[in-house]
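Here's the letter readout for the chains.
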Amino acid sequence: MRIAWIGKKTPFCGNVTYSREITNGLLDKGHEVSFLHFAEEETTTDNWPNEVPLPFIYKSQVYTIPSFKATKVLKDSLREIKPDIVHASLTLSTLDFFLPEICEELNLPLIATFHTPFAGKGAKLLSSTQLLAYQLYAPFLDHYDRVIIFSQIQRELLSSMGVREKKIAVIPNGVDPVKYSPGTSQVKAEFSAERLFVYQGRIAQEKNVESLLRAWKQSDMGVNSKLLIVGDGPLKPALESFYGREHGIIWLGFIADENRRIEILRGSDVFILPSLVEGLSLSLLEAMSCGLACLATDVGADGEVLEKGAGVAINTRTVRSQLKTLLPLCQDHPELTTLLGEKARKRILERYTLNDNITQLEELYSQVLAQRPLTLSWGV
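Parameters and conventions
- Residues numbered from 1 in each chain as written.
- Predicted model: local features only at pLDDT ≥ 70, side-chain atom pairs only at ≥ 80, totals over all residues.
- Heavy atoms only, no water.
- Helix = DSSP H or I, 4+ residues; strand = E, 2+ residues; numbered from the N terminus.
- Rg over C-alpha atoms; globule rule 2.2 N^0.38 Å.
- Contact = heavy atoms within 4.5 Å.
- Areas by Shrake-Rupley, 256 points an atom, 1.4 Å probe, with all protein chains shown as cover.
- Buried < 20%, exposed > 50% of the residue type's maximum accessible area, 1.4 Å probe, protein only.
- Polar contact = N/O pair within 3.5 Å; in protein donor to acceptor, adjacent residues only side chain to side chain.
- Salt bridge = Lys/Arg side-chain N within 4 Å of Asp/Glu carboxyl O.
- Pairing = 2+ DSSP bridges.
- Axes fitted to C-alpha atoms, helices over the stretch in contact; angles between N-to-C directions.
- Phe/Tyr/Trp six-rings, centres within 6.5 Å; stacked < 30°, edge-to-face > 60°.
- Lys NZ or Arg CZ within 6 Å of the ring centre and 35° of its normal.
- Expected span 1.5 Å × (residues − 1).
- Arc of directions from axis to C-beta.
- Patch = residues over 30% accessible without salt bridge, like charges linked within 9 Å, V, L, I, M, F, W, Y side chains within 5 Å.

Attention now goes to the overall build of the protein chain. Tallying secondary structure elements over the protein chain gives 14 helices and 15 strands in all. For a compact globule of 380 residues, the expected C-alpha radius of gyration is about 21 Å, and the protein chain comes in at 21 Å, within 12% of that figure. Taken over the C-alpha atoms alone, the protein chain extends approximately 70 × 45 × 35 Å along its principal axes. Counting only contacts in the protein chain whose residues sit at least 6 apart along the sequence, the fraction spanning at least 24 positions is 69%. Of the roughly 16700 Å² of accessible surface on the protein chain, a fraction of 52% belongs to carbon and sulfur atoms.

Here it is as structure tokens:
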């Protein structure tokens, strides 16, 4: 199958990881994949599928502003590629809203993956920003052939905003359990720690990292326990100045090397994700796959991942107080974290492997293609 994938390659975020893992998985299954993303032409590299740079004015981890030429470049590229299907990992750009019209003009089936984070069961979205994103996207998502989301909770949310049920497909994120697996690591020796806790993600308001830092500082974890903070973001400079090595907190910044990130996970005991909103955190799935005990807020689809003992789901209204109890408990009872880590790994193998994700995606592609009329516009 020939697939035109529209997604993100930079700057690093969950959408980038999702696009990389899925496109590589599709290539491994023998599909032809062309990768269209916002980039300067000279910055494309040869480690990804066939690349097509789309011009832009501005891009960040959160959103992208295409240039006026982006639509024409996209249309011309799709005419040249002649894909069987177009899959857009939505980048929060204005181009997302025009894709249904573009693909209808070219008679191409179009699938979207909608990543925008949201709060938990029955909760309101965290802020007007998330609410506005869902309200803006819902009418346009209904014009895609299918919209992929990560959980039943998100299905209910989009359905309540007018996206027809038949248009929604629930396909959770997945990880490679061979690559992300328990193993040996020298990280504890490197940081002189007997017990190692880790946060991995953006250092931004919605990630609620300060609640973790305050709970850690107030828990008096002792000199033999360390908290590693992996990631970068707008709040990092301010937080790092108040919570440092004197409290057993080590800031590692953004780590591009995937093997290094895996080494850190393998050497850690507990993974903490105190977010106020999420979609389905790939960092959480990676930690679970490496056999870590996981403490995460019940937001997005994360609580669904941790249910029935695969981890500890935390209420967003009492993150700090709950962590003040859970952190010492995890420090003093290694048998508990070992058990939680084993259950986390088992949950990944049962429900959240990358191979299963790709298989479900292939089935969805075939289903969408089977429902399309057998007319082609190429050559017109």
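The next thing to look at is the side chain of Ser151. With respect to the element layout, Ser151 can be found in the loop between strand 8 (146-149) and helix 5 (152-160). Judged by its relative accessible area of 0%, Ser151 is buried. Within the local environment of Ser151, its side chain forms a polar contact with the backbone nitrogen of Gln154, the two atoms lying 3.2 Å apart. Ignoring sequence-local partners within four residues, the contact set of Ser151 consists of Phe118, Val170, Ala301 and Glu304.

Another aspect to go through is the environment of Cys330. By secondary structure assignment, the location of Cys330 is in helix 12 (residues 319-332). Overall, Cys330 belongs to the buried group, its relative accessible area being 2%. In this structure the C-alpha to C-alpha distance between Cys330 and Glu21, which are 309 residues apart in sequence, comes to 32 Å. Setting aside chain neighbours within four positions, we find Cys330 in contact with Arg195, Phe197, Val270, Leu295 and Thr337.

What follows concerns the pattern of salt bridges. Tallying each qualifying case throughout the model produces 22 salt bridges. We note a salt bridge from Lys236 to Glu240, for which the minimum N-O separation is 2.8 Å. You can see Lys236 and its partner Glu240 sitting in helix 8 (residues 236-242), 4 residues apart, about one turn around the helix. Overall, the relative accessible area of 15% leaves Lys236 in the buried class. Glu240 gets classed as partly exposed once you look at its relative accessible area, which sits at 32%. If you follow the salt bridges from partner to partner, you end up with Lys72, Lys75, Asp76, Arg79 and Glu105 in one network.

With that settled, the discussion passes to the sheet that holds strand 14 (residues 293-297). Taking strand neighbours across the sheet as the criterion, the 6 strands line up as 12-11-10-13-14-15 in an open arrangement whose pairing is parallel. In the strand order of this sheet, the two ends are held by strand 12 (249-253) and strand 15 (312-314), each with one partner. Looking at each pair of strands side by side, their axes are set apart by 20° on average, direction ignored. Where strand 13 (residues 270-273) lies against strand 14, 4 bridges are found, and the strand directions are parallel. When the sheet's bridge partners are listed, Phe271 is paired in strand 14 with Cys294. Sitting on the sheet, helix 12 touches strand 10 (195-200), strand 11 (225-230), strand 13, strand 14 and strand 15, and the angle it makes with strand 15 is about 155°.

Under the defined criterion, the tally for this structure stands at 8 aromatic pairs. Their ring planes at 70° and their centres at 5.2 Å tell us that Phe197 and Trp216 sit as a pair that is edge-to-face. Taken together, the residues span a long stretch of sequence, with Phe197 in strand 10 and Trp216 in helix 7 (residues 209-219) at a distance of 19 residues. Here Phe197 matches Trp216 in class, with each residue buried. Put simply, the rings of Phe97, Phe114, Tyr134, Tyr137 and Phe140 touch in pairs and so form one group of aromatic residues. Cation over ring: Lys59 sits above Phe56, and NZ or CZ is 5.0 Å from the ring centre.

Here helix 14 (residues 354-370) is 17 residues long and its end C-alpha atoms lie 24 Å apart, about the 24 Å a rise of 1.5 Å per residue gives. Among the residues making up helix 14, those that are buried are Leu354, Asn357, Ile358, Leu361, Glu362, Leu364, Tyr365 and Val368. Looking straight down helix 14, one finds that the buried residues subtend no more than 165° of arc, so they occupy a single side. Away from its buried face, by an angle of more than 90 degrees, helix 14 presents the exposed residues Glu363 and Ala370. Of the surrounding secondary structure, the elements contacted by the buried residues of helix 14 are strand 1 (2-7), helix 1 (14-28), strand 6 (85-89), strand 7 (110-113), strand 8 and strand 9 (168-170).

A few words now on unusual backbone geometry. Located in the positive-phi region is Ser192, a residue other than glycine, with phi close to 50°. Of note in this structure, Lys308 is not a glycine but carries a positive phi near 60°. Locating Lys308 in the fold gives a position in the loop between helix 11 (302-306) and strand 15. Overall, the relative accessible area of 73% leaves Lys308 in the exposed class.

A grouping of Ile57, Tyr58, Val62, Tyr63, Ile65, Phe68 and Leu92 is seen on the molecular surface, where their side chains present a nonpolar patch of about 710 Å² in accessible area. For Val62, the position within the fold is in the loop between strand 4 (56-59) and strand 5 (64-66).

The end-to-end C-alpha separation of helix 13 (residues 334-351) is 26 Å, in line with the 26 Å expected for 18 residues at 1.5 Å each. Considered for burial, the residues of helix 13 that qualify are Thr337, Leu340, Gly341, Ala344, Arg345, Arg347 and Ile348. Each buried residue of helix 13 sits inside an arc of 155° when the element is viewed along its axis, so together they form one side. Residues of helix 13 that are exposed and point over 90 degrees away from its buried face: Glu335, Glu342 and Lys346.

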